[in-house]
Amino acid sequence: MPADERFAVRRESARASVPHPLTAAPAPAGVPLPPGLALRGRLATGARRPETPRGFGRGGSGSRTPRSGRGGGPRRAYERARRAWDRPLTAYYVILGSSLLITVLGLVMVYSASMIKALDISKPATYFFGKQFLAAVIGGGLMLIAARMPVKLHRGLAYPILMVTVFLMILVQVPGIGMSVNGNQNWLYLGGPFQLQPSEFGKLALILWGADLLARKQDKRLLTQWKHMLVPLVPVAFMLLGLIMLGGDMGTAIILTAILFGLLWLAGAPTRLFAGVLGFAAVLAFLLIRTSPNRMSRLACMGVSEPDPEGGCWQAAHGIYALASGGWFGSGLGASVEKWGQLPEPHTDFIFAITGEELGLAGTLSVLALFAALGYAGIRVAGRTEDPFVRYAAGGVTTWITAQAVINIGAVLGLLPIAGVPLPLFSYGGSALLPTMFAVGLMIAFAREDPAAKAALAMRRPGVRWKTMRRRVKKRSSGER
């Protein structure tokens, strides 16, 4: 046989001895084939691949599953917002961000609203802004300190702050020491251009002391008795109210009363008890307003749209004028007309009116949204904690800030009588800004004390994250690439 024929025969025999790559070897009896090998055997023997039902293959509508990252409409957006709000650090960031935004925007508006007033009293245009900026820097330091302090230290400061505040409020009534501003005897002179209003610190003192008192009584299960719920909380609150009313400051007394009601509500006061205290406070407020011509004139200015011929309700009417002339987006920052002597107190009680005139409806709604976010975050902190002191203190601070904001804005809008209280974190006044920023730092500390927030903050530290990453990386041999 020729050599080429012998080579062809050997090649054919070799091909016959080597199994085809798509052909499965016969399996021993009782031993099932692996799925992949069985499939290759069926393909090699000519079995047809099962057809995919129409609509369920590639490109069919049946194989498409909804993706969470695209589309979805309002319901999906709502679910995303709800999941974002349920994160552990949401309240922490909302309180910090909204309070800082309110303070910064307030500094801008204080500068814009107080320029003409400063020039009118022969001072530089930045006179009031400089004092407010200094108070904001000091208040920022107090907020940082309060945010870093543990809850036990806050409880330890309750009694010292209350005693110091009561002492300063008594000094206000001493002739030669206390000062009278706009008819109210509630200021202490500190030297130079600086003054102090101790009644503003009375709000913080009542919150800390009242929260510590109610928390200790709750631990001993004494709040079920109405005597322990009212005594000594209500008598001490009425003592502070009496010292404030001696100076004639009705607005601060209203805020302090709101804080007292907030603490009683959080403590679970029965409806009859709550209604009784509320009725007594209403009767007392009616008598105080009825016996004061100044307070009666403020009450009569609710809802007015123009001043009377004798000049009454001038401030209330021009506050409405400022808001009405602002339009949708305002006349521009610094372009207010009412601050040129028409609107009294444009940088303190009625700074919201100047904001509406210069920034328009968009600016006022932004301020309202920031206060709403701050209040809602405070409610979240008070509602999710297991510590009674944190619940009472956070609820008291939230009541303080929201009630004061509602009273101030309601007076500017003509819906409430003019109470003479500043807009928290926004209006000019260092005595009001310092305790409010400390109270915001208090809520930040409470938001950080949440166990889930603690864990989330710990994971954000660079050292912890680096160690976590090192634990997740597997060690490789020296020769592996």
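Cut-offs applied
Residues numbered from 1 in each chain as written. Predicted model: local features only at pLDDT ≥ 70, side-chain atom pairs only at ≥ 80, totals over all residues. Heavy atoms only, no water. Helix = DSSP H or I, 4+ residues; strand = E, 2+ residues; numbered from the N terminus. Phe/Tyr/Trp six-rings, centres within 6.5 Å; stacked < 30°, edge-to-face > 60°. Buried < 20%, exposed > 50% of the residue type's maximum accessible area, 1.4 Å probe, protein only. Lys NZ or Arg CZ within 6 Å of the ring centre and 35° of its normal. Disulfide = S-S within 2.5 Å. Contact = heavy atoms within 4.5 Å. Pairing = 2+ DSSP bridges. Lys, Arg positive; Asp, Glu negative; His and termini not counted. Salt bridge = Lys/Arg side-chain N within 4 Å of Asp/Glu carboxyl O. Polar contact = N/O pair within 3.5 Å; in protein donor to acceptor, adjacent residues only side chain to side chain. Axes fitted to C-alpha atoms, helices over the stretch in contact; angles between N-to-C directions. Core = buried A, V, L, I, M, F, W, Y, C linked by side-chain atoms within 4.5 Å. Parallel < 35°, antiparallel > 145°, perpendicular 65-115°, else oblique. Left-handed = near helix turned anticlockwise from the far one by under 90°. Nonpolar A, V, L, I, M, F, W, Y, C, P; charged D, E, K, R; others polar.

**A closer look at unusual backbone geometry**
Logical step 1: Residue P232 is reached from V231 by a cis peptide bond, and omega for that bond is 0°.
Logical step 2: Along the polypeptide, P232 turns up in the loop between α9 (226–230) and α10 (233–246).
Logical step 3: Here S122, not a glycine, exhibits a phi torsion of approximately 65°, which is positive.
Logical step 4: Relative to the assigned elements, S122 resides in the loop between α4 (90–120) and α5 (127–148).
Logical step 5: Non-glycine residue L425 carries a positive phi angle of around 65°.
Logical step 6: You can see L425 is positioned in the loop between α16 (388–412) and α17 (430–448).

**Re the packing of aromatic side chains**
Logical step 1: Taken as a whole, this structure holds 8 aromatic pairs when the rule is applied.
Logical step 2: Both rings, one in F238 and one in F280, keep their centres 5.6 Å apart while their planes meet at 25°; by these two values the pair is stacked. Of the two residues, F238 is situated in helix α10 and F280 in helix α12 (residues 271–290); the sequence distance between them amounts to 42 residues.
Logical step 3: Overall, F238 belongs to the partly exposed group, its relative accessible area being 30%.
Logical step 4: The ring of Y392 carries R391 above its face, with NZ or CZ at 5.3 Å from the centroid.

**Quick notes on the state of the cysteines**
Logical step 1: Within this structure, the stated rule accounts for 1 disulfide.
Logical step 2: One disulfide bridge connects C301 with C313, the sulfur atoms lying 2.1 Å from each other. The chirality of the disulfide connecting C301 with C313 is left-handed, given an S-S dihedral of about -90°. Placement of C301 in the loop between α13 (293–300) and α14 (314–326) and of C313 in the loop between α13 and α14 is noted, with a sequence separation of 12 residues between them.

**Re the side chain of N408**
Logical step 1: Relative to the helices and strands, N408 resides in helix α16.
Logical step 2: Contacts of N408, omitting those with residues within four sequence positions, involve D349, F352, V421, P422 and L423.

**Quick word on the pairing of strand β2 (residues 184–191)**
Logical step 1: Relative to β2, strand β1 (residues 178–181) is paired through 4 bridges, and the arrangement is antiparallel. The residue bridging M179 from the neighbouring strand is W187, located in β2.
Logical step 2: Between the end of β1 and the start of β2, which pair antiparallel, lie 2 residues, with N182 showing a positive phi angle near 55°.
Logical step 3: In this structure, the hairpin formed by β2 and strand β3 (residues 194–196) is closed by a connection of 2 residues, where G192 is found at a positive phi of approximately 70°.

**Here we look at the side chain of E357**
Logical step 1: Along the chain, the position of E357 falls in helix α15 (residues 351–384).
Logical step 2: Buried E357, no salt bridge; nearest opposite-charge side chain is K339, N-O distance 8.0 Å.
Logical step 3: Polar contacts involving the side chain of E357 include one to the main-chain amide nitrogen of E338, which spans 3.5 Å.
Logical step 4: Filtering out sequence-adjacent residues up to four positions away, E357 remains in contact with A322, S325, G326, G330, S331, S336, V337 and E338.

**Re the sheet that holds β1**
Sheet strands associate in pairs through backbone hydrogen bonding, adopting either a parallel or an antiparallel arrangement.
Logical step 1: The 3 strands lie next to each other as β1-β2-β3, forming an open sheet whose pairing is antiparallel. Bordering the open sheet on either side are β1 and β3, each of which pairs with just one other strand. Geometrically, the sheet is characterised by an average inter-axis angle of 55° between neighbouring strands, direction not taken into account.
Logical step 2: In this fold helix α7 (residues 158–172) packs onto β1, β2 and β3, with an angle of close to 105° to the strand it touches most, β2.

**Focus on the nonpolar core**
Logical step 1: One finds L233, L264 and F446 to be the most contacted residues of the largest nonpolar core, which totals 108 residues.
Logical step 2: Counting residues per element, this core draws most heavily on α16, which supplies 13 residues.
Logical step 3: Not counting chain neighbours up to four residues away, the residues in contact with L264 comprise M229, L230, L233, A269, F274 and V277.

**A look at the packing of α4 against α5**
Helix packing for two helices is described by the angle between their axes and how far apart those axes are.
Logical step 1: At their nearest, the axes of α4 and α5 sit 8 Å apart, and the two run at 160° to each other. As summarised for this structure, α4 and α5 are arranged roughly antiparallel, according to the angle between their axes. Relative to α5, the crossing made by α4 is right-handed. Counting all contacts with α4, which are made through L96, S99, L100, T103, L107, V110, Y111, S114, K117 and A118, the residues of α5 involved are Y127, F128, F129, Q132, F133, A136 and M143.
Logical step 2: Per-class residue counts for the contact of α4 with α5 are 12 nonpolar, 4 polar and 1 charged.

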